[in-house]
Amino acid sequence: MSVSNTTRTAGVGQSRPGGRSARIRAAVHRAVQELLAECTVESLTIPMVADRAGVHATTIYRRWRSIGELLASVAGHRFSGEVVVPDTGSLRGDLEQWAADVATDLADPDVLALMRAAVGASGPEHGANVCVADRRAQLAAMIERERSRGGDPPEVSLVEDALLGPLYYRATFTERPGDPEWARDLVARVLG
């Protein structure tokens, strides 16, 4: 990232088990991501994931009761964790850097496949929340930081609608995902 200062925040509600559990989770998550690159979400099964991950299917069923829960877990892990929130010294600079980074991330076909799979298998409410919860937390952190500087930023919900909406819409429903420059222009429209 090209910003000079960054703030790291932990993902909300994320446990970080160690040892064998962490190795199993990592192997299963990696297997899901690999399989999504090779097949459709409709053909994805827990036995397929277990075979690819080198674990028994019952190991997966003990942790995740369905393919939807497993996909939500993979998406939640992918879209959270160590979050980098830009700190350029101004809300405009922070949002421009952040929006460009999100646009770049959403242009990755593997990210898009995982996002679509999580929403499709987990249902729009749960799956979508998994995919954007961390983005919302990032926006809230930038807005709150601007308030602490004495600024008068827009409400988080307004910024979310004006930035996340177009970024995710374009990535999900069009053949032209947002590029970083387009994303920076969105910020200019939000902040005026």
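Residues numbered from 1 in each chain as written. Predicted model: local features only at pLDDT ≥ 70, side-chain atom pairs only at ≥ 80, totals over all residues. Heavy atoms only, no water.

1. A short note on the environment of Arg78
Argument step 1. Of note, Arg78 is situated in helix H4 (residues 67–78).
Argument step 2. Overall, Arg78 belongs to the partly exposed group, its relative accessible area being 30%.
Argument step 3. For the pair Arg78 and Met115, spaced 37 residues apart in sequence, the C-alpha separation works out to 9.5 Å.
Argument step 4. If we skip the residues at most four places from it in the chain, Arg78 touches Gln33, Asp105, Val111 and Leu114. (Helix = DSSP H or I, 4+ residues; strand = E, 2+ residues; numbered from the N terminus. Buried < 20%, exposed > 50% of the residue type's maximum accessible area, 1.4 Å probe, protein only. Contact = heavy atoms within 4.5 Å.)

2. Overview of the pattern of salt bridges
Side-chain pairing between opposite charges can occur once the charged atoms of the two side chains come close.
Argument step 1. This structure, assessed with the given rule, holds 13 salt bridges.
Argument step 2. Among the ionic pairs, Glu160 bridges to Arg136, the shortest N-O distance being 2.8 Å. Pair noted here: Glu160 is in helix H8 (residues 156–173) and Arg136 is in helix H7 (residues 124–148), with a separation of 24 residues, a long-range link.
Argument step 3. Across the pair Arg147 and Glu144 runs a salt bridge whose closest N-O atoms are separated by 4.0 Å. Placement of the pair is Arg147 and Glu144 together in helix H7, with a separation of three residues, close to one helical turn.
Argument step 4. Among the residues examined, Glu144 registers a relative accessible area of 46% and is labelled partly exposed.
Argument step 5. One network of salt bridges, in which partners are shared, links Asp87, Asp94, Arg145, Glu146 and Arg149. (Salt bridge = Lys/Arg side-chain N within 4 Å of Asp/Glu carboxyl O.)

3. A look at the environment of Ala140
Argument step 1. Here Ala140 lies in helix H7.
Argument step 2. Residue class for Ala140 comes out partly exposed when judged on its relative accessible area of 32%.

4. Side note on the nonpolar core
Argument step 1. Formed by 49 residues in total, the largest nonpolar core has its most connected members in Val49 and Leu167.
Argument step 2. Setting aside its immediate chain neighbours within four residues, Leu167 contacts Ala99, Val102, Ala103, Leu106, Trp182, Ala183 and Leu186. (Core = buried A, V, L, I, M, F, W, Y, C linked by side-chain atoms within 4.5 Å.)

5. Considerations on a positive patch on the surface
Argument step 1. A cluster of basic residues, Arg20, Arg23, Arg62 and Arg63, forms a positive patch on the protein surface.
Argument step 2. Listing elements by their share of the positive patch, those giving two or more residues are helix H1 (19–38) and helix H3 (57–63).
Argument step 3. Position of Arg23 relative to the elements: it lies in helix H1. (Patch = residues over 30% accessible without salt bridge, like charges linked within 9 Å, V, L, I, M, F, W, Y side chains within 5 Å. Areas by Shrake-Rupley, 256 points an atom, 1.4 Å probe, with all protein chains shown as cover. Lys, Arg positive; Asp, Glu negative; His and termini not counted. Charge placed at Lys NZ, Arg CZ, Asp CG, Glu CD.)

Purely spatial values, then, with no claim about function.
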